[in-house]
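Spelled out, the chains give:
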Number of protein chains: 4
Amino acid sequence: MVKILAINFKAYRSSYGQKALQIAKAAEDVAKKFVIKGVEVIIIPPPTEIERLASRLTEAKVFAQHVDAVSEGAYTGHITLGMVKAAGAEGVMINHSERRIRLDEIEWIIEKSKELGMRTLVCANTPKVASSIALMKPEMIAIEPPELIGTGIPVSKAKPEVVTGALNAVKSVTTSVKVLAGAGITDPEDVSAAIDLGVDGVLVASAVMKAENPEAKIREFAEALLKR
Amino acid sequence: MVKILAINFKAYRSSYGQKALQIAKAAEDVAKKFVIKGVEVIIIPPPTEIERLASRLTEAKVFAQHVDAVSEGAYTGHITLGMVKAAGAEGVMINHSERRIRLDEIEWIIEKSKELGMRTLVCANTPKVASSIALMKPEMIAIEPPELIGTGIPVSKAKPEVVTGALNAVKSVTTSVKVLAGAGITDPEDVSAAIDLGVDGVLVASAVMKAENPEAKIREFAEALLKR
Amino acid sequence: MVKILAINFKAYRSSYGQKALQIAKAAEDVAKKFVIKGVEVIIIPPPTEIERLASRLTEAKVFAQHVDAVSEGAYTGHITLGMVKAAGAEGVMINHSERRIRLDEIEWIIEKSKELGMRTLVCANTPKVASSIALMKPEMIAIEPPELIGTGIPVSKAKPEVVTGALNAVKSVTTSVKVLAGAGITDPEDVSAAIDLGVDGVLVASAVMKAENPEAKIREFAEALLKR
Amino acid sequence: MVKILAINFKAYRSSYGQKALQIAKAAEDVAKKFVIKGVEVIIIPPPTEIERLASRLTEAKVFAQHVDAVSEGAYTGHITLGMVKAAGAEGVMINHSERRIRLDEIEWIIEKSKELGMRTLVCANTPKVASSIALMKPEMIAIEPPELIGTGIPVSKAKPEVVTGALNAVKSVTTSVKVLAGAGITDPEDVSAAIDLGVDGVLVASAVMKAENPEAKIREFAEALLKR
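Quick look at the structure, then. (Residues numbered from 1 in each chain as written. Chains lettered and ligands numbered in written order. Predicted model: local features only at pLDDT ≥ 70, side-chain atom pairs only at ≥ 80, totals over all residues. Heavy atoms only, no water.)

1. Remarks on the overall build of chain A
1) Next: When its secondary structure is counted, chain A shows ten helices and eight strands.
2) Next: Taken over the C-alpha trace, chain A has a radius of gyration of 16 Å; the compact-globule value for 228 residues is 17 Å, and the two agree within 12%.
3) Next: When the backbone C-alpha atoms are referred to their principal axes, chain A occupies close to 50 × 40 × 30 Å.
4) Next: Here chain A contributes 29 positive and 28 negative side-chain charges, whose respective centroids are spaced 2 Å apart. (Helix = DSSP H or I, 4+ residues; strand = E, 2+ residues; numbered from the N terminus. Rg over C-alpha atoms; globule rule 2.2 N^0.38 Å. Lys, Arg positive; Asp, Glu negative; His and termini not counted. Charge placed at Lys NZ, Arg CZ, Asp CG, Glu CD.)

The structure is reproduced here in structure tokens:
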């Protein structure tokens, strides 16, 4: 099965402008090389960057970092699925620990995404939350213990039981949902450790966004996804 | 003094994609004709459209519909001033009734905007709120009684006392802040009525975004701003 | 199995003060008569009324309308499980459509409630949301299509498929969670219709809180719970 | 002029139950001794404790920690001014840094409180925010730099310029609003230092709520308010 390397740009200084374009191109280069080996690279930039980056990519995919659970209409300051799709996003990540949403909104967005032919990646903080979300059949769930996010302490090493717990919890509900591991992934070994636990991919952020050489880092992560 | 015509795209179907581009071009055409007469046209599109539209405009200006009160960093799903500035926004609208923010956030964003050389338009629902915001010296305040937004009942006719109350309240605090009238402005006469009350411009939305001929509507509004 | 009659006081004028006490006493009188027949009456007053009402009741139980997902500490303006328990609440209702919370908060509160020996009633707007919540094993789930709340159009008649859908969805996950029907229940027949669909009880609000004779209404509802 | 000693119970373990009652009685004892000297003691407990504590106090006053900006009605899980008034609160504190609200809500609550004859204490994080709030004429404003709350580093010593800045900012708008200093007040000298800066009182929390001898601490603070 295809392995997923998802890169959350967050709101880092490198998430927009020239640096964002450079990281997107690095992701594209790696995507081109690894697509036939079975790795898909997804970048998740801020909404202001979706159109500019998506229009320059072919192999790397673009997801939005968040959408609001509203349709078209009088919703000043809201971001809709229609907007991010029109800008070139192929999917949407929702419920990241830095932007949690309500359960009824998660259901609404997953359903609406399916209608619009958009892909979905939903973040979960615990195995039980992961299984609750799995019932709604998004394409992917990323398990991220919030206390490890941004720490450089990889979930796959510090809390492997959270990853395996999430895997078991999700698989007991459905086998059609991919599970990614996130939080604290810094080195290729962290990726390998996650793969060893059985995940379908990883969700990374600062390790790439703050890297001196983002392309090298992305490539190392892609290679590590395939090692086992 | 220059009169302001601010067009809030909201999240209408016409706020993104081909239709948004058409309205932005119509705004640009009107802006080119009216800039020497003393009318400034500002469009306020969703974040996904800022870069695409701003890169095509010279006379019409672009503001963001909302920003979050955070700097760069680990803020997945947030929109920062740095992002919208990099995408080409010259300013930001905040505190619209469909996206209210807290008072401490209003102060933070106005201060940070000044540091970054960005312009600010802050919405207020009552004269007292308008004067509270005026103390923080944004460039513009738009007074919009929420109960009239989207009704087609213009504030300048239905509640002229709210507009004059806001004008007096703001002017008692500072003379350096422009006051716009919003909510329910549908026809050129509504714009004229607002100008008669003493405002420096208008904030419109559905009248343009749902118009069969947006350019004609924008031109009529621009003309009405100058009539008195 | 015991049938549940849960009365949400909301923030109606009758939810506090003299009128609230009168309704609580009516609930107590009905509870005393119906407990041996297998009906449990639960009142759900505002936090300011929990201690005053709970200290006067023996058969009717008291639940809180909401708690925040925080423990003890520097949380000004928050309501904790510890607070409502100390005041006499036996359980807590969470995620009502007028006070939705996030999925991670739902899990936290259910877990913490179990630790503290408190009962849980979680509201859900759709069958899928109901099943997601069922995975977390609260004692009860109330299915309430938000569009019917306060309308006087009973869910059991207007949208029986939502009720049966929720029943099936919950039962497919666990048989240990009770399902209540809510939204629009006005007359005893609405209660009977809900029971016919297979629910374990009902969640009512305005029908009691705005009744001229609350005790008569509560008694009628209790009787209807037993008719089938 | 009467000096104010306001004690925010927050959600500390001592904020409810037996310990809360003990602290309330200590406040009452101090209030009885100091009222003729010109000190008013206000306790600010959680909503679940208002009725129980207020019914036992005569000289010490009770304020709520927060209310929602809604009237009576279908607002499950919300706390209204009517509820806290009925429970015995004489006023309400709003906009604490741990429970910030929007500017339009601040105006609504201040206006509604005046209608209901309730007193208001509004928290502010900066001098500019304090002056914005002063325009709405609450009875009191507490200036609390959030970064000092709970640190034990008193604002009156660490950031005296924030206190004097707030005093000047508020007094330039109105002379009828009292200004309290909060955040980090631990010892009687911190209170004296605040009084020296010109404030009308102090807002304290952990220093009392976590004290081994709350009554001694409250008495020391009351004495310090009068020393200069």
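The structure having been displayed, the exposition proceeds.
2. A word on unusual backbone geometry
1) Next: Even without being a glycine, lysine 137 of chain A presents a positive backbone phi close to 55°.
2) Next: Residue lysine 137 of chain A is classed as partly exposed on the basis of its relative accessible area, which comes to 37%.
3) Next: Positive phi, normally seen in glycine, also occurs at asparagine 95 of chain D, with a value near 65°.
4) Next: Considering the arrangement of structural elements, one finds asparagine 95 of chain D in the loop between strand S4 (91–94) and helix H4 (103–115). (Buried < 20%, exposed > 50% of the residue type's maximum accessible area, 1.4 Å probe, protein only.)

3. Some thoughts on the relation of the copies chain D and chain B
1) Next: For these two chains of identical sequence, chain D goes onto chain B by a turn of 180° and a shift of 0.0 Å along the axis, with RMSD 0.0 Å. Within this description, the copies of the chain are treated as partners about a two-fold rotation axis. (Least-squares fit on C-alpha atoms with pLDDT ≥ 70 in both.)

4. Regarding the interface of chain D and chain B
1) Next: Listed per partner, the contact involves 18 residues of chain D and 18 residues of chain B.
2) Next: Summing both partners gives a buried area of about 1,600 Å² for chain D against chain B, and 64% of it is carried by carbon and sulfur.
3) Next: Of all residues in chain D, the largest losses of buried area upon contact with chain B belong to Leu103, Lys128 and Leu135 of chain D, amounting jointly to 35% of the total for that side.
4) Next: Inspection of the region where chain D meets chain B yields four salt bridges.
5) Next: Where aspartate 104 of chain B meets arginine 100 of chain D, a salt bridge forms, and the shortest distance between an N and an O atom there is 3.6 Å.
6) Next: For the interface between chain D and chain B, the tally reads five residue pairs in polar contact (both at pLDDT 80 or more).
7) Next: Secondary structure elements with two or more residues in the side of chain D that touches chain B: H4 and helix H5 (127–134) of chain D. (Contact = heavy atoms within 4.5 Å. Buried area = accessible area lost by both parts, 1.4 Å probe. Salt bridge = Lys/Arg side-chain N within 4 Å of Asp/Glu carboxyl O. Polar contact = N/O pair within 3.5 Å; in protein donor to acceptor, adjacent residues only side chain to side chain.)

5. Concerning the interface of chain B and chain A
1) Next: Taken together, the contacts link 33 residues of chain B with 33 residues of chain A.
2) Next: Considering only the surface of chain B that becomes buried against chain A, Thr48, Thr76 and Met83 of chain B emerge as the three largest contributors, covering 24% of it.
3) Next: At the junction of chain B with chain A, the criterion picks out two salt bridges.
4) Next: Note that arginine 13 of chain B and glutamate 72 of chain A form a salt bridge whose closest N and O atoms lie 3.6 Å from each other.
5) Next: Summed over the shared surface of chain B and chain A, the number is 16 residue pairs in polar contact (both at pLDDT 80 or more).

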